[in-house]
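# Observations on the model geometry
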Amino acid sequence: MAGVDAARGAWVVVLRQLRPDAPRDPLSAVACPRFEDVLEVTRDALAVAVDMPIGLPDVPAPGGREADRAARRVLGRRAVSVFSPPARVVLDATRWEDVRGRGMTLQGFHLLPRIREVDALMTAEAQRRIVEAHPELAFARLSGAPMRGNKKRPEGRAERLDALARDPRLPPLDEAALRELRRPLRGAGVAMDDLVDAVALTVTAAHIARGQGRRLPADPPRDARGLAMEVWT
């Protein structure tokens, strides 16, 4: 299983081994410069949860896709963490002036290169194993409520580590354990919150691999390329 998050300098992939013969699932982390490298690294994973839009609307719509609106309802006070992905008609834009006022936030615009990477490689067949997810949904499902603190602040990270501790199959994660997990990522531009998010995404991947995944919406529409516009938790 794997959780994948887009960091400033690379894709960060946390690999989680299913170990029925052990009390905990071992974790390892790797940085990938391109999404095609992510697909190679995770080729044997039963489920891969990626924090990036998969399945894009044809035209902009208020509030984004049905999946985005559903995720915001679940997250409540953390709803702001769910941005509306670009419509396919602006996917190739390279200037903010070309997309301003067309249903895209500045955050979404800065992620366009990453979204293009994913969209170019995803197929409906691949989506049976590689799915869109959101770390804040994973944290909320683990803890029973949306997170309160900012993930970039110590108290916010501590809150998220407390949520991860509710997964009995994850190894204990404190600051020292995170630093050790992050060691192979040095020089790749991966922040600690990126790593924590990727670990949370392995929780969603584990749910899917065990047949316990939930998707928003339950019966998602498909885009022009046949990709389901859904978010898993």
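Let me begin by describing the structure that accompanies this report. (Residues numbered from 1 in each chain as written. Predicted model: local features only at pLDDT ≥ 70, side-chain atom pairs only at ≥ 80, totals over all residues. Heavy atoms only, no water.)

## Quick notes on the overall build of the chain
In terms of regular secondary structure, the chain is built from 9 helices and 7 strands. Computed over the C-alpha atoms, the radius of gyration of the chain is 17 Å, within 12% of the 17 Å expected from 2.2 N^0.38 for a compact globule of 233 residues. Its C-alpha atoms put the chain at 50 × 35 × 35 Å along the principal axes. In the chain, buried positions account for 54% of the 233 residues. When contacts within the chain are restricted to residue pairs at least 6 apart in sequence, long-range pairs at least 24 apart make up 66% of them. Summing over all exposed atoms, the chain offers an accessible surface of approximately 10,900 Å²; the carbon and sulfur share of this is 51%. Across the chain, the mean location of the 38 positive side-chain charges is 3 Å away from that of the 32 negative side-chain charges. (Helix = DSSP H or I, 4+ residues; strand = E, 2+ residues; numbered from the N terminus. Rg over C-alpha atoms; globule rule 2.2 N^0.38 Å. Buried < 20%, exposed > 50% of the residue type's maximum accessible area, 1.4 Å probe, protein only. Contact = heavy atoms within 4.5 Å. Areas by Shrake-Rupley, 256 points an atom, 1.4 Å probe, with all protein chains shown as cover. Lys, Arg positive; Asp, Glu negative; His and termini not counted. Charge placed at Lys NZ, Arg CZ, Asp CG, Glu CD.)

## Here we look at helix H5 (residues 112–121)
Along H5, the residues classified as buried are Leu112, Arg114, Ile115, Val118 and Asp119. Buried residues of H5 fall within an arc of 160 degrees about the axis and therefore sit on the same side. Where the residues of H5 are buried, they touch strand S1 (2–6), strand S2 (11–16), helix H1 (35–41) and helix H4 (106–110). (Arc of directions from axis to C-beta.)

## Focus on the environment of Val4
Relative to the elements of secondary structure, Val4 occurs in strand S1. Each C-alpha atom, one on Val4 and one on Phe35, is 9.7 Å from the other, the two residues being 31 residues apart in sequence. When near neighbours in sequence (up to four residues on either side) are disregarded, Val4 contacts Trp11, Val12, Val13, Val38, Val48, Ala49, Val50, Asp51 and Leu201.

## Looking at the sheet that holds strand S3 (residues 27–32)
Spatially, S3-S2-S1-S4-S5 is the arrangement adopted by the 5 strands of the open sheet, whose pairing is mixed. The sheet terminates laterally at S3 and strand S5 (130–132), the two strands that pair on one side only. Shown here is a sheet whose adjacent strand axes are inclined to one another by a mean of 20 degrees, direction ignored. Judged from the 3 bridges that link them, S1 and strand S4 (residues 48–50) form a sheet pairing that is parallel. Bridging from a neighbouring strand, Gly3 pairs with Ala49 of S4. (Pairing = 2+ DSSP bridges. Axes fitted to C-alpha atoms, helices over the stretch in contact; angles between N-to-C directions.)

## A word on the pairing of S1
For S1, the buried fraction is high: 5 of the 5 residues fall into the buried class. Residues of S1 alternate between two faces, with Ala2, Val4 and Ala6 on one and Gly3 and Asp5 on the opposite face, all of them buried. Pairing analysis gives 5 bridges linking S1 to S2, with the strands arranged antiparallel. In the strand pairing of S2, Gly3 is matched with Val14. Counted along the chain from S1 to the antiparallel partner S2, the turn is 4 residues long.

## Quick look at the layout of surface pockets
Its boundaries defined by the atoms lining it, the largest pocket holds a volume of some 890 Å³. Surrounding the largest pocket, 35 residues form its lining, Ala6, Asp51, Gln107, Leu111 and Lys151 being those nearest its centre. Only S1, helix H2 (66–75), H4, H5, helix H6 (135–143) and helix H9 (192–209) provide two or more residues apiece to the lining of the largest pocket. The residue makeup of the lining of the largest pocket, split by class, is 15 nonpolar, 6 polar and 14 charged. (1 Å grid on protein atoms, 1.4 Å probe; cavity = no way out; pocket = protein on both sides within 12 Å on 5 of 7 lines; lining within 4 Å. Points joined across faces, edges and corners; volume = space filled by probe spheres on them. Nonpolar A, V, L, I, M, F, W, Y, C, P; charged D, E, K, R; others polar.)

## Some points on the side chain of Thr42
Take Thr42: it is sitting in the loop between H1 and S4. Since its relative accessible area comes to 1%, Thr42 is described here as buried. If sequence neighbours within four positions are ignored, Thr42 has contacts with Ala2, Val13, Leu15, Val48 and Arg129.

The values reported here are purely geometric and, on their own, carry no functional implication.
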